[in-house]
Amino acid sequence: MDLQWGVEVYQFVRDRQDELRDERHPEGHDDYVRAWRDAHDLHQCYADAVSGGDFDEARRLLAELTDMADLWSGHPEYPVRPVSAAAAHARASKNP
């Protein structure tokens, strides 16, 4: 778990929400505010969980934030989940 990954997913979601807000202005404002708060709260709770060492909770929160991002999975800036060094090593040793 690292804080930077949560920031990248959150920023992606926030940018897409801003685009939706602009497309739906002014009638989409309340939906935008609600979605923005939901994403912001998830990101803050994720950061708190990582900082506090509660990695199970951090994984759960990051999964929720990633679910939000999945609405735009075809977007060219969609964040690609980083591969841990251990996972990359294990994959490389299976496929020499």
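Residues numbered from 1 in each chain as written. Predicted model: local features only at pLDDT ≥ 70, side-chain atom pairs only at ≥ 80, totals over all residues. Heavy atoms only, no water.

Attention shifts here to the packing of aromatic side chains. Counted by the stated rule, this structure contains 2 aromatic pairs. The interplanar angle of 80° and the centroid separation of 6.4 Å between the aromatic rings of phenylalanine 12 and tryptophan 72 together place this pair among those described as edge-to-face. Of the two residues, phenylalanine 12 sits in helix 1 (residues 3-24) while tryptophan 72 sits in the loop between helix 3 (55-69) and helix 4 (85-94), which places them 60 residues apart along the sequence. As far as burial versus exposure is concerned, phenylalanine 12 and tryptophan 72 are alike and both buried. Given a relative accessible area of 4%, phenylalanine 12 falls into the buried group. Every member of this aromatic cluster is reached through a ring pair, and the members are Phe12, Trp72 and Tyr78. The lysine or arginine in question, arginine 21, covers the ring of tyrosine 32, its NZ or CZ lying 4.8 Å from the ring centre. (Phe/Tyr/Trp six-rings, centres within 6.5 Å; stacked < 30°, edge-to-face > 60°. Helix = DSSP H or I, 4+ residues; strand = E, 2+ residues; numbered from the N terminus. Buried < 20%, exposed > 50% of the residue type's maximum accessible area, 1.4 Å probe, protein only. Lys NZ or Arg CZ within 6 Å of the ring centre and 35° of its normal.)

When pLDDT is averaged along the protein chain, the result is 82, and 83% of the positions lie at 70 or above. Taken element by element, the protein chain is modelled with least confidence in helix 4, mean pLDDT 40, and with most confidence in helix 3, mean pLDDT 93. Low pLDDT, under 50, characterises residues 83-96; the predicted model gives this stretch 2 contacts beyond four residues in sequence or across chains. (pLDDT = per-residue confidence, 0-100. Contact = heavy atoms within 4.5 Å.)

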